[in-house]
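# Coordinate inspection notes
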Amino acid sequence: MKKIDISTQVTQVDFDTELTEQEKQVMIAARKAVDTAYAPYSNYNVGAAVLLENGEIVPGNNQENAVFPLGLCAERVALFSAGTSFPNSKPIVLAVTIASDNKPGFPCGSCRQAMVEFENRFDHKMKLLIDSKDGQVITIDTVRDILPFSFDQSNLK
Ligand code: THU
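Reference entry: report on the structure contained in this document. If you're wondering where the values come from, they're calculated on a predicted model, not measured in any experiment. The residue count restarts for each chain, going from 1 along the sequence in the order it is written. With pLDDT at 70 or above as the cut-off, local features in this predicted model cover only qualifying residues; side-chain atom pairs require 80 or more to be listed or tallied, and sums for whole chains, interfaces and linings still use all residues. The side-chain values count all of the structure's non-hydrogen atoms but skip hydrogen atoms and water molecules.

### Brief notes about the pattern of salt bridges
Should a side-chain nitrogen of Lys or Arg be within 4 Å of a carboxyl oxygen of Asp or Glu, the pair is scored as a salt bridge. Tallied over the entire structure, the rule returns 5 salt bridges. Among the salt bridges present, the one from R31 reaches D131, with a minimum N-O distance of 3.0 Å. Remark: D131 occurs in strand β5 (residues 127-131) and R31 occurs in helix α2 (residues 21-34); sequence separation between them is 100 residues. A simple rule labels every residue: compare its accessible area, found with a 1.4 Å probe on the protein chains alone, to the largest value its type can have, and call it buried under 20%, exposed over 50%, or partly exposed in between. For R31, a relative accessible area of 32% corresponds to the partly exposed category. With a relative accessible area of 4%, D131 lands in the buried category. When the shortest N-O distance is used, the salt bridge between D152 and R144 registers 3.8 Å. A run of DSSP states H or I qualifies as a helix once it reaches four residues; a run of E qualifies as a strand once it reaches two. Both are numbered from the N-terminal end.

Dropping the structure here:
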């Protein structure tokens, strides 16, 4: 038998003093997007924004449906929108925030899998910024840190 240990490092930083100006702008875009989320069924509003290498910041928020499984999370709305409008620009930062006080709101497993696809597609790590309480932000260098053993194109070969 062989045991495999996995360790993950996440960092907590202060929004005002420890994020770059550009990172702050991405989180501000996510916080703005949270206001227009369409979440009448869960009342759990989520905002996201992706910073691309070309400098564009693409927002997204959760979009629910009366047929519940059709709804889509904020992170994927933002990423798919970026993939539509700027298919050749690498996503480098993804910020996520929730309207509820129950912060931080970590991305769901499906969104983590979608993020892995974007990292692979662009062969580039995407830094995650998860809004937290008291002006703090959780930072994660790559989605792989929070989705070990992920499924990717190499599995299909
Ligand atoms: N949601 C997101 O937008 N992102 C996540 O990572 C977790 C969940 C949304 C989906 C649904 O509209 C609501 O939050 C409650 O699950």
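From this point, the narrative continues.
### Quick notes on the side chain of S150
Looking at the element boundaries, S150 is found in the segment after β6 (136-140). Overall, S150 belongs to the buried group, its relative accessible area being 14%. Any N or O atom pair separated by 3.5 Å or less is treated as a polar contact, with the protein-specific requirement of one donor-capable and one acceptor-capable atom, and with residues adjacent in sequence counted only for side-chain atom pairs. Within the structure, the side chain of S150 is placed 3.3 Å from the side chain of R144, a separation counted as a polar contact. The contact criterion used is simple: two residues touch if any of their non-hydrogen atoms lie within 4.5 Å. Not counting residues up to four positions away in its chain, the partners in contact with S150 are Q113, V116, R144 and N155.

### A few points about helix α4 (residues 109-122)
Expected helix span is computed as 1.5 Å times (number of residues minus one). Over its 14 residues, α4 runs 20 Å from end to end, which matches the ideal 20 Å to within 8%, given 1.5 Å per residue. Of all the positions in α4, only C111, R112, A114, M115, V116, F118, E119 and F122 are classed as buried. Of the surrounding secondary structure, the elements contacted by the buried residues of α4 are α3 (74-85), β4 (91-98) and β5. Where α4 ends, the next residue or the one after it, D123, has phi of about 50°, a positive value.

### A closer look at the sheet that holds β6
Strands were regarded as paired on the criterion that DSSP finds at least two bridges between them. Ordered in space as β1-β6-β5-β4-β2-β3, the 6 strands form an open sheet in which the pairing is mixed. Either end of the sheet is taken by a strand with one partner, and the two such strands are β1 (11-14) and β3 (57-61). On average, adjacent strands in this sheet sit at an angle of 25° to one another, irrespective of strand direction. In the sheet, β1 pairs with β6 via 4 bridges, with the strands oriented antiparallel. Bridge pairing in β6 links D14 to Q136. Sheet strands touched by α2: β2 (46-52), β3, β4, β5 and β6. Its angle to β2, the strand with the most contacts, is close to 145°. Note on geometry: axes are lines fitted to C-alpha atoms, helical ones only across the stretch in contact, with angles between N-to-C directions running from 0 to 180 degrees.

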